[in-house]
Amino acid sequence: MRIRILALMCVIVLVMTACGKESQEGTGCRCCSNGCSCCRCAEQTIVIEDANKVLGLTTEETKPIEGMTPATVTDESESTEVMSEVQESTSEEEPEVATTVEQIQEPVEVKDLTEGEKEARRQFVQQLAQQRETLYALPNSVDKMNQIAQIDTMIIQNNPYDFSEKHISFIGDSITESVGGKIDENGKRISYVDYVQDYLNIGEVLNRGSAGRMYTVYGGEDYSFVKKLDSTLYALSDATVIFLGVNDYLSEQQDKRYGEQNVDSYSDAGYCGALRATMKYLKNNFADRDIFFVLVYNVDRNVNATYTDATPAPTLKEFMDIQKAYAEHYGFHVIDIYSTGIMDLSDAAIEATYTADGLHPNDSGNVALAQHIAAELVLYYSQK
């Protein structure tokens with residue numbers, strides 16, 4: 001038992017060095033932006049409680065320990081036993097610490113973190129991502145979305161990457177434009193893009209969402225991304241997030257083409273051809289930038305369209321699967337909303353809660369999308 005206590009306390013000391021502001025005790029402890037119990041920051045209780053809900057632990061199982069941050073609460077099977085051991089070894093030495101509002105300092109900004117602090121956060125967000133992965137297999141529901149959102153929120157709260165100098169472009173259709181979303185007092189639509197910027201403190205974002213946009217030309221060349229690459233992409237962006245494909249699927253034009261699926265094909269016809277042409281262009285002209293493809297949520301729509309080269313008509317899943325396969329082939333990062341079950345509109349409660357019209361996100365839907373996209377950006381950049 002003594003060996004286990006000493007080993008765990010070594011972990012605690014490591015995490016304590018990854019804090020960000022001075023305690024009020026003169027102990028030398030520094031607190032991260034979410035707080036730590038050595039200086040009893042108010043934010044600590046909130047994060048621990050959220051972790052309890054997400055990981056399925058009771059309050060008694062995860063009672064905060066002196067000097068321990070959320071990053072050390074990772075194993076449900078041993079949490080009660082190990083924590084009680086440490087509590088027994090430290091209960092007599094625990095000092096009383098004042099927790100007045102005046103003593104709680106502002107959270108440290110990411111750019112002010114030390115490398116040790118960033119590394120502690122990197123490890124924690126990866127642990128959170130592993131926990132979140134287990135939720136994806138659950139039946140799609142509002143409750144599942146809430147559980148995923150809790151972990152996404154904690155990933156964002158523990159972001160180790162400084163986005164304050166980043167310029168990120170978001171290219172999409174009416175979902176990105178925020179048709180159906182909240183409108184502020186100035187008449188501006190509030191998109192998931194706005195929330196992502198706020199969550200990550202991104203230096204500058206460019207929202208190039210346009211209703212009706214698609215990869216192909218079924219809506220006319222003005223709506224086709226592949227025909228407007230030069231004018232739509234912003235060359236000075238550090239990263240580009242592309243959230244397209246649902247209108248290609250929903251278009252009810254007759255005699256559509258799905259296109260040649262072979263990733264090495266030179267054809268640019270149909271949906272698959274437009275995807276290949278887009279990704280080849282990005283690879284050739286934006287190889288030094290970060291490119292993300294977001295796979296749309298399940299819109300649960302039957303489409304009255306015919307195809308000249310596909311029988312039966314391809315499903316939305318097939319549309320998203322081929323987009324994912326191409327993106328991974330060309331080395332782009334995929335944010336897979338479709339297969340994770342987020343915003344799955346085949347669930348009536350999700351549709352009623354998160355959409356304005358059964359398709360476009362309302363404000364709650366934009367928040368849900370933003371939380372997940374922001375968390376994915378954190379996970380990606382935390383490894384760079």
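The structure this text deals with has already been given above.
For the structure given in this document, a descriptive report is provided here. Fair warning: this is a prediction, and the values are worked out from it, not measured in the lab.

Cut-offs and rules
Residues numbered from 1 in each chain as written. Predicted model: local features only at pLDDT ≥ 70, side-chain atom pairs only at ≥ 80, totals over all residues. Heavy atoms only, no water. Buried < 20%, exposed > 50% of the residue type's maximum accessible area, 1.4 Å probe, protein only. Helix = DSSP H or I, 4+ residues; strand = E, 2+ residues; numbered from the N terminus. Contact = heavy atoms within 4.5 Å. Polar contact = N/O pair within 3.5 Å; in protein donor to acceptor, adjacent residues only side chain to side chain. Phe/Tyr/Trp six-rings, centres within 6.5 Å; stacked < 30°, edge-to-face > 60°. Lys NZ or Arg CZ within 6 Å of the ring centre and 35° of its normal. Pairing = 2+ DSSP bridges. Axes fitted to C-alpha atoms, helices over the stretch in contact; angles between N-to-C directions.

Of all the residues in helix H7 (residues 192-200), the buried ones are Tyr192, Val193, Asp194, Tyr195, Val196 and Leu200. Buried-residue contacts for H7 involve helix H5 (142-157), strand S1 (167-172), helix H6 (174-177), strand S2 (204-209), strand S3 (239-243) and helix H13 (363-381). The N-capping residue of H7, defined by a side-chain oxygen 3.1 Å from the backbone nitrogen of Val193, is Ser191. Of the residues one or two after H7, Asn201 is the one with positive phi, at around 55 degrees.

Going through the model one piece at a time under the given rule, you end up with 18 aromatic pairs. Centroid distance Tyr195 to Tyr199: 6.3 Å. Interplanar angle 25 degrees. Geometry classified as stacked. A residue pair is termed a helical-turn pair when its members lie 3 or 4 positions apart in one helix, as Tyr195 and Tyr199 do in helix H7 at 4 residues. When its relative accessible area of 29% is taken as the criterion, Tyr199 is described as partly exposed. Among the aromatic residues, those joined into a cluster by ring pairs are Tyr215, Phe225, Tyr249, Tyr258, Tyr271 and Phe319. We note Lys283 situated over the ring of Phe332; from NZ or CZ to the ring centre the distance is 5.9 Å.

With that settled, the discussion passes to the sheet that holds strand S4 (residues 290-295). The 5 strands are arranged S2-S1-S3-S4-S5 in an open sheet whose pairing can be described as parallel. Two strands lie at the open edges of the sheet, namely S2 and strand S5 (333-336), each paired on one side alone. Neighbour to neighbour, the strand axes of the sheet diverge by 20 degrees on average, direction disregarded. Taken together, the 6 bridges between S1 and S2 define a ladder with parallel strand orientation. Looking at S2, one finds that Ile168 is bridged to Val205.

With that settled, consider the pairing of S3. Successive residues of a regular strand alternate their side chains across the two faces of the sheet. Burial of S3 is extensive: 5 of the 5 residues sit out of reach of the surface. Taking every second residue as pointing to the same face, both faces of S3 are buried, with Ala239, Val241 and Phe243 on one and Thr240 and Ile242 on the other. Summarising the sheet, S1 and S3 pair through 5 bridges and their orientation is parallel. Within the sheet, the bridge partner assigned to Ile171 lies in S3 and is Ile242.

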